[in-house]
Amino acid sequence: MKKLLLVFIAALFLVCCWGCSGKDTVIDNSISEIRLDIYEGRGEFFDVNIYIGKRESPYILDGISEKLVDYCLINVMPAEELEEGYALYFTLTGGSYNESGTLIEDPATGKFRIDLGKYYSGICELNITFNCGEIYESVTLTSKYSTDMIQWKDALAIAKESLTESFTDAYSGNDFHGEIFIRFVNNPFMGEDKYFWFIMLKDRNGKMSTVLIDSIDSTVVARNIT
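Throughout what follows, the structure given in this document is the object of discussion. (Residues numbered from 1 in each chain as written. Predicted model: local features only at pLDDT ≥ 70, side-chain atom pairs only at ≥ 80, totals over all residues. Heavy atoms only, no water.)

## Observations regarding the layout of surface pockets
Counted only if it meets this: A cavity here means a set of 1 Å grid points, computed over protein atoms only, where a 1.4 Å probe fits but cannot escape. A pocket is an open set with protein on both sides within 12 Å along at least 5 of 7 lines, and lining residues have an atom within 4 Å of a point. Grid points are joined across faces, edges and corners, and a volume is the space filled by probe spheres set on the points. Basically, the charged four are Asp, Glu, Lys and Arg, the nonpolar ten are Ala, Val, Leu, Ile, Met, Phe, Trp, Tyr, Cys and Pro, and anything else, Gly included, counts as polar.
Considering only enclosed or pocket space, the largest pocket measures out at about 290 Å³ in volume. Looking at the largest pocket, it is lined by 15 residues, and the ones nearest its centre are Leu36, Asp37, Gly122, Ser143 and Tyr145. Its residues assigned to classes, the lining of the largest pocket comprises eight nonpolar, six polar and one charged. In this structure, the second largest pocket occupies an estimated 210 Å³ of space. Along the walls of the second largest pocket sit Pro78, Glu80, Glu81, Leu82, Glu83, Glu84, Gly85, Tyr86, Leu88, Glu105, Gly110 and Phe112, which together make up its complete lining. A class-by-class count of the residues in the lining of the second largest pocket yields five nonpolar, two polar and five charged.

## Considerations on the packing of aromatic side chains
Here a ring pair, both rings aromatic, is described through the centre-centre distance and the interplanar angle of the planes. Rules: Pairing of aromatic rings covers Phe, Tyr and the six-membered ring of Trp, with a centre-to-centre limit of 6.5 Å; geometry is then stacked below 30 degrees between planes, edge-to-face above 60, and tilted otherwise. Where helices and strands are cited, they refer to DSSP runs of H or I of at least four residues and of E of at least two residues respectively, numbered from the N terminus. We count a charge as sitting over a ring when the NZ of a lysine or the CZ of an arginine lies within 6 Å of the ring centre and within 35 degrees of the ring normal.
Across all of its chains, the model carries nine aromatic pairs by this definition. On the numbers, 6.2 Å between centres and 65° between planes, the contact of Tyr145 with Trp197 is edge-to-face. Placement of Tyr145 in the loop between strand S8 (135–143) and helix H2 (152–162) and of Trp197 in strand S12 (residues 195–203) is noted, with a sequence separation of 52 residues between them. One aromatic cluster is present, formed by Tyr145, Phe184, Tyr195 and Trp197 through successive ring pairs. Sitting above the plane of the Tyr59 ring, Arg55 keeps its charged end 5.1 Å from the centroid. Above the plane of the ring of Tyr71 lies Arg55, whose end atom (NZ or CZ) is 4.8 Å from the centre.

Pasting the structure below:
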């Protein structure tokens, strides 16, 4: 009798574990972006941000997660309008990085951008050199994510707890009808050098739920559901 009881308890435990891990797997497969780090640097002529991580391709906010690809997105804002007729060339080095190319202007923002399509993690400092006509400048960028901050998986767990109803509503049986964006971000409106995890859930009914989490103490700073 005792053996039967032990077998029953073990079987029940395995079923529960399978159910929990199954839901976690479904949610992990519904992630459309994970921004892992930000590199920031400023020179006399150029203000530079580099974002690294993985995101879906094509990148569309539609409640459906596609296959993830690596990205290394370089964003450059010139201090003044560049001389017409000259391209903005760059060379990026540091760690395993040794990349060069031409940045493309976004007319809507005035920023120059390029996605390298790959990234290397665990690098504390990068160097990017710009060349445009008579302008030549080298900018040092530093990583803003550190090991004393919570990881993205911890932030996702906090978001699931904070947005329990939204995550529950996104389920249809065992299927998860939504996509999740996880971004390591700064918040310039707070006027301080602080960084956060921003989690957004977009379901296929158009409901959007977001939470902003302090990367150091795990506090939920802001929460919004629309």
